Amino acid sequence: MEIHEIKSRLTIGQVLAHYGFTPDKNNRLKCPWHDDKTPSLQIFPKTNSWTCFSSNCHAGSGDAIEFCVKVEGDKHKGILVAQSLVSPGGSPAPTTNQPPIQEHPLREHPLGEHPLGELPRIAVLSKVVHESQASFKRTAKAKGYLQSRGLDPARTDIGYVGAEMGKSWNESLQQSALQLGILKKSGKGALQPKFKYCLVFFMKNVKGQVVGLYGRSVEEKSTLKDSIRHLYLNGKHQGLYPCWPDSKTTKLILTESIIDAATLLSQPGIIKQHTVLALYGTNGFTPDHTEAVSQLQELQEVILFFDGDPGGRGAIEKIAVKLRGIKPGIKLTYVETPEGEDINSLHQGHTAEIFTHLLAGRNPVNPTAETNQNQSLPRSIGGKSIDSPQVGAKVGNPDQSIGKPETSSTGNLNTSNSDKLVYTNQWLTASVWGGIDISQLHRLKINLHVQLNGNEYRYYQDDINLYSNSQLVRYINGASEELECSSTLLKQGLQQLKTQIETYRLQQRENRQKALKPKVYQMTAQEEKEALALLRSKHLVKKTMEAITGTGLVGEARNGLLLFFLYLTRLFEEPLHAIIFGKSGSGKTYLQTKISDCLPEESVRNITSLSENVLYYSPKGFWQHVVLVIEDLDGVYQALLALRELMSKQSITKYTTDKDAKGNNIQKALTVEGPVSVSGATTKESIYEDNANRSFLLYVDESTGHLEAVMAHQRKARAGLLNPESERESKQLLKNAQRLLDKRIRVYNPFALQLKLPQAIFKPLRTNEHYLKLIDVIAFYHQKQRTVKTNAQTGERYIEVTLKDIEIANSLVKESLLRKSDELNGELRQFFEYLKDYVSRKAASNESGNNEAYDVCFYAKDIRKERRLHPMKLARYLSGLERRGYIKWTGGSKRTGYEYQVTAWEEYEQLRAGMHLLDKVLDGLKAGETAKT
């Protein structure tokens, strides 16, 4: 019997069984030709071969006959043993009841012999795969490079080759790696990895075995030549990336490079509906690609997704000709990649929706291209002609042009009624009842009503998720049976419907995002002139206060001006915040609304309620350089903690758990970034004390005189005596003035080191920062009147604070500082000041028989009667004042009434006098400036 006959009939399993060797589950043995502590002899069942990978062994590799020769120690004896294991009839001889050797997908190699001493290609590559994958896991630089390309290291099948790969391999393995181009010789003759410092992607054959490598260097461009950034094995390309397409593939996307294919593979929404296959450059359509495409019996469409450059656009026609030669009549489309972009750069610069959008808008490749191979065909990609100055020129069929599908074949989607989308083509009409969900892009669940054109009495209707293949098949089968029509016709119609709905849904999402962003107002030339005149006025603050009053704000001009400046700090990196206190119906919301109406529409967010989730799931940039106006702080109670941190840090982050494409839990960071200025109104000062510490406190005027003034204004409005147009003009003037301010200009305060706050101020660190920023924003508002200078060290453009700015700030801030210094909250302070006034009036009227208010006592029941207070509320007020020593109980009982006496008469005046420190410091600064001049 000839040697080649024995080789063709003898299996390695028979030989191992004959000698009593049993491989483990990974087809490994302890090598019989050296002292082997761990199995290093690899068995390859499909090729009936073996290899010892130990560096301490010189057995090398061989086939079934060579195994016998090695064991017997004699070539002739080994061949005789091999022959005896094969029956005379040529079929394999019976073996012992040895379990079959399981095949390991990474360690099989193609059938056929290989030269003695040279290992099988797959055997060597499997070694590279395992070592490179292990190296990648421990190399931070490799992971960092992959992340810089927007790819997830945990979800990408990849390896990394360091400088040491191959140095510990045995001679046989090294020689084989040298032949394949895995190793190379240096100038001194030493072996080193050809793919050194490269990420390696694995190309596989039809059996899933790695037969090729692509290397991508992670070194900086400055240290490399372009020619060695991309590396392949020696010889022709073998295998496909990421693998051979599944036989049930219906839509195939071809990319120009492996990096681009890996990018699309990271998009669950794409790979769910498409199979992705990489070319090896525009000229890299190999025989393996040809064979793979030809075997796809269910293939309906090939999508060419190449780079947005002349090379990528030019390759569309060239690859299309090859594909039509393989699959005549196949539907070919191309994606209009933006100029200068590729798939990976799009992934880095946009959200995942860009791919869905581009794929939905893909265009058909000229269907007559294969009949005009000898012509220079005009092509139009992205609205630009490539070869011909005549865009959209017609070739072949006069009714068709490149990039323009026929309406009759693709049908039309009528979206005039969002609750009933109607799709029609030349065969059928499909109605989507109830509209579509535009928030969930990973599914397309609809209620679909289908009927054939011309037969309105027979229809089929059911719920379906167009992204679920099983539901799609069930729906098509049910509809074709009910309507007695072709399932192919229905399938094509539903595919076209899906494509048009995807385009419509993306458009709706874009419209919703645009609706969230207020439109930027375009000033007329006259409006800009008037706004600039206001900003350059010598009496800017006075005219601003007049404009605020002109908007209809009555009696709160000083509070209104302070609030206007606080809102203006939204243009700073660390804005100021405001809380407005007052009783219910006292006008706190009125004050806040009037001033917020003076802000540009794009700079304000008015809300009545806000939850923590809504805050964290806001669109990017939604809260930057805006004022968040809260009608009542009770409406944001659930988001209070997050809101406080946003006020302090201007950025908040929380982690949430999500699922990846494989269903694994992953951590996702949700970040909200400012700067944002927060303004709220409330009646509950004690509840929002933590927020108050971060804010300026404004108390509305609740005096009788102010109340009368507001009611008089209301009467004039009802009588038609006010001019609404004048109010609108005042608001518009203030809005336009703010639009002209340059937020890039910084403010330097040369007097900052000499400014001081009263010692009675609570939390002086925050209050001092608030005071200085208020001065800065007043100076910032005057920027059109100041000389803009440049910081020589930082390059910042800046203006300087003047003493007039400090004077304005002092006049506005005193009341707020006084409130921050007072240990009584606003509500209790108002009651105590009333109490002192009541006792003084009682003493003056001599009702008590004593003209000295210090000695006059009062009954709680008399206070309740005059103020009409609830007994519980009065008790709370009196208890709070008594605990702090402002009043004392002097007698009485529940029957006769409790009697009290005021004990603290001068404390508020002393506190108020402390505020004069601001004016003393300012007077000193003025005197110093006068002395200089």
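Up top is the structure these notes are about.
Fair warning: this is a prediction, and the values are worked out from it, not measured in the lab.

Draft legend 1. The arrangement of the overall build of the protein chain in detail. Counting secondary structure elements, the protein chain contains 32 helices and 35 strands. For the protein chain, the proportion of contacts with a sequence separation of at least 24, taken over those separated by at least 6, is 65%. For the protein chain, the accessible area works out to roughly 47000 Å², and carbon and sulfur atoms hold 49% of it.

Draft legend 2. Structural context of the packing of aromatic side chains. Under the definition given, this model contains 23 aromatic pairs. When the ring of tyrosine 748 is compared with that of tyrosine 798, the centres are 4.1 Å apart and the planes differ by 20 degrees; the resulting orientation is stacked. One end of the pair, tyrosine 748, is in strand E30 (residues 746-748); the other, tyrosine 798, is in strand E32 (residues 797-800), with 50 residues separating them in the sequence. Relative to tyrosine 877, the ring of phenylalanine 831 has its centre 4.7 Å away and its plane inclined at 35 degrees; by these criteria the two rings are tilted. On the criterion of sequence distance, the pair formed by phenylalanine 831 in helix H28 (residues 826-844) and tyrosine 877 in helix H30 (residues 871-883) is long-range, its members being 46 residues apart. Residue phenylalanine 831 shares its accessibility class with tyrosine 877, and that shared class is buried.

Draft legend 3. Highlighting the pattern of salt bridges. Per the stated rule, a full pass over the model turns up 29 salt bridges. Put simply, glutamate 219 and lysine 141 hold a salt bridge, and the shortest N to O gap is 2.8 Å. Taken together, the residues span a long stretch of sequence, with glutamate 219 in the loop between strand E9 (210-217) and strand E10 (230-232) and lysine 141 in helix H6 (residues 140-148) at a distance of 78 residues. Judged by relative accessible area, which is 22%, glutamate 219 ranks as partly exposed. Here glutamate 833 makes a salt bridge to lysine 836, at a shortest N to O gap of 3.1 Å. Taken as a pair, glutamate 833 and lysine 836 lie in helix H28 at a separation of three residues, close to a single helical turn.

Draft legend 4. Spotlight on the state of the cysteines. Applying the stated criterion to the full structure yields zero disulfides. A disulfide-free cysteine, cysteine 31 has its sulfur positioned 3.8 Å from the sulfur of cysteine 52, the nearest such atom. Residue classification places cysteine 31 among the buried residues on the basis of a relative accessible area of 4%. Residue cysteine 52 stays outside any disulfide, its sulfur separated by 3.8 Å from that of cysteine 57, the closest cysteine. Using a relative accessible area of 2% as the deciding quantity, one classes cysteine 52 as buried.

Draft legend 5. Main features of the environment of methionine 203. With respect to the element layout, methionine 203 can be found in strand E8 (residues 198-204). Methionine 203 sits in the buried class, given a relative accessible area of 1%. Counting along the chain gives 36 residues from methionine 203 to glycine 239, while the straight-line C-alpha distance between them is 4.9 Å.

Draft legend 6. Fine view of the side chain of arginine 509. Examined against the element boundaries, arginine 509 turns out to sit in helix H16 (residues 487-516). Beyond its immediate sequence surroundings of up to four residues, arginine 509 is in contact with Glu353, Ile438, Ser439 and Leu441.

Draft legend 7. Seen up close, the nonpolar core. Among the nonpolar cores identified, the biggest contains 68 residues, and Leu563, Phe565, Leu566, Leu774, Tyr781 and Ile806 are the most heavily contacted of them. Among the elements that take part in this core, helix H26 (residues 764-781) stands out by supplying nine residues, more than any other. Among residues more than four places away in sequence, those in contact with tyrosine 781 are Leu534, Leu535, Leu540, Thr544, Phe564, Phe565, Leu568, Leu734 and Leu741. In this structure, Ala142, Phe201, Tyr214 and Leu254 belong to the second largest nonpolar core, which totals 55 residues.

Draft legend 8. Local environment of H6. Along H6, the residues classified as buried are Ala142, Tyr145 and Leu146. Angular distribution of buried residues about the axis of H6 spans 100 degrees; they occupy a single face of the element. For H6, the exposed residues lying more than 90 degrees away from the buried face are Ala140 and Gln147. Of the surrounding secondary structure, the elements contacted by the buried residues of H6 are helix H5 (121-137), strand E5 (159-161), E8 and E9.

Draft legend 9. Spotlight on the sheet that holds strand E22 (residues 460-465). Strand order across the open sheet formed by five strands is E18-E19-E20-E21-E22, with antiparallel pairing between neighbours. For this open sheet the edge positions go to strand E18 (412-414) and E22, each flanked by a neighbour on one side alone. Taking the axes of each pair of neighbouring strands and ignoring which way they run, one obtains an average angle of 25 degrees across the sheet. Against the sheet, helix H15 (residues 469-483) contacts strand E21 (445-452) and E22, and its axis sits at roughly 170 degrees relative to E22.

Draft legend 10. Region of interest: the sheet that holds strand E35 (residues 897-902). With respect to topology, three strands assemble into an open sheet ordered E33-E35-E34, the strand pairing being antiparallel. Strands with a single pairing partner mark the edges of an open sheet, and in this sheet they are strand E33 (857-859) and strand E34 (887-893). Across this sheet, the average inter-strand angle for adjacent strands is 30 degrees, counted without regard to direction. Strands in contact with helix H29 (residues 860-867) are E33 and E35; relative to E33, the strand with the most contacts, it is inclined by about 65 degrees.

Draft legend 11. Structural view of the pairing of strand E20 (residues 428-433). Of all the six residues making up E20, five are buried; the element is thus mostly covered by neighbouring parts of the structure. Hairpin connection, strand E19 (residues 420-424) to E20: the antiparallel pair is bridged by three residues. In terms of strand pairing, E20 meets E21 through six bridges, oriented antiparallel. Directly across from tryptophan 433, in E21, lies its bridge partner asparagine 447.

Draft legend 12. Representation of the environment of glutamate 612. Looking at the element boundaries, glutamate 612 is found in helix H21 (residues 612-616). Taking C-alpha positions, glutamate 612 is 8.7 Å from leucine 641, a pair spaced 29 residues apart along the chain. The contact partners of glutamate 612, leaving out residues within four places of it in the chain, are Gln638, Ala639, Ala642 and Lys654.

Draft legend 13. Representation of the packing of helix H27 (residues 803-821) against helix H31 (residues 907-914) within the structure. Two elements in contact, H27 and H31, have axes separated by 10 Å at closest approach and are oriented at 130 degrees. When the axes of H27 and H31 are compared, the pair comes out oblique. In the crossing of H27 with H31, the sense of the turn from one axis to the other is right-handed. For the pair H27 and H31, the contacting residues are Glu815, Leu818, Arg819 and Ser821 in the first and Tyr908, Leu911 and Arg912 in the second. Looking at the contact of H27 with H31 residue by residue, the class counts come to three nonpolar, one polar and three charged.

The rules behind these values
Residues numbered from 1 in each chain as written. Predicted model: local features only at pLDDT ≥ 70, side-chain atom pairs only at ≥ 80, totals over all residues. Heavy atoms only, no water. Helix = DSSP H or I, 4+ residues; strand = E, 2+ residues; numbered from the N terminus. Contact = heavy atoms within 4.5 Å. Areas by Shrake-Rupley, 256 points an atom, 1.4 Å probe, with all protein chains shown as cover. Phe/Tyr/Trp six-rings, centres within 6.5 Å; stacked < 30°, edge-to-face > 60°. Buried < 20%, exposed > 50% of the residue type's maximum accessible area, 1.4 Å probe, protein only. Salt bridge = Lys/Arg side-chain N within 4 Å of Asp/Glu carboxyl O. Disulfide = S-S within 2.5 Å. Core = buried A, V, L, I, M, F, W, Y, C linked by side-chain atoms within 4.5 Å. Arc of directions from axis to C-beta. Pairing = 2+ DSSP bridges. Axes fitted to C-alpha atoms, helices over the stretch in contact; angles between N-to-C directions. Parallel < 35°, antiparallel > 145°, perpendicular 65-115°, else oblique. Left-handed = near helix turned anticlockwise from the far one by under 90°. Nonpolar A, V, L, I, M, F, W, Y, C, P; charged D, E, K, R; others polar.

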